[in-house]
Amino acid sequence: MIARLLILVARAWQWGPSAVLPPSCRYHPSCSAYAIEAIQRYGALKGGWLAARRILRCHPWGGSGIDPVP
């Protein structure tokens, strides 16, 4: 139930602000796609933790490039 809610939040981001704003993602896949895959694979707790860590790494001094879900 919580996993579905978290996935819905990520999808809402993909369909809403992300669709309107210019592309600026530093990683591939995007943070929202990463979050959805992590939550589907590991569940709400671990997948949410992985997604949160990824979002916190997404800043000008962070990394970039291909970063798949472990």
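Residues numbered from 1 in each chain as written. Predicted model: local features only at pLDDT ≥ 70, side-chain atom pairs only at ≥ 80, totals over all residues. Heavy atoms only, no water.

In the nomenclature of an unreviewed UniProt entry, the protein chain is known as Putative membrane protein insertion efficiency factor of Edaphosphingomonas haloaromaticamans. Looking at the Function (unreviewed entry) heading of the UniProt record, one finds this comment for the protein chain: "Could be involved in insertion of integral membrane proteins into the membrane." Under the UniProt heading Sequence similarities (unreviewed entry), the entry covering the protein chain gives this text: "Belongs to the UPF0161 family." (UniProt positions renumbered as here; feature names shortened; annotations may be inferred.)

Novice: Just to check I follow, could you spell out the layout of surface pockets for this structure?
Specialist: Where empty space is left in the structure can be found by rolling a water-sized probe over the atoms. Reported here for the largest pocket is a volume of approximately 530 Å³. Contributing to the lining of the largest pocket are 21 residues, with Trp 13, Ser 18, Ser 30, Cys 31 and Ser 32 lying nearest its centre. Among the secondary structure elements, those contributing two or more residues to the lining of the largest pocket are helix H1 (2-15) and helix H3 (31-57). With 8 residues, the top contributor of residues to the lining of the largest pocket is H3. When grouped by side-chain class, the residues that make up the lining of the largest pocket number 15 nonpolar, 6 polar and no charged. (1 Å grid on protein atoms, 1.4 Å probe; cavity = no way out; pocket = protein on both sides within 12 Å on 5 of 7 lines; lining within 4 Å. Points joined across faces, edges and corners; volume = space filled by probe spheres on them. Helix = DSSP H or I, 4+ residues; strand = E, 2+ residues; numbered from the N terminus. Nonpolar A, V, L, I, M, F, W, Y, C, P; charged D, E, K, R; others polar.)

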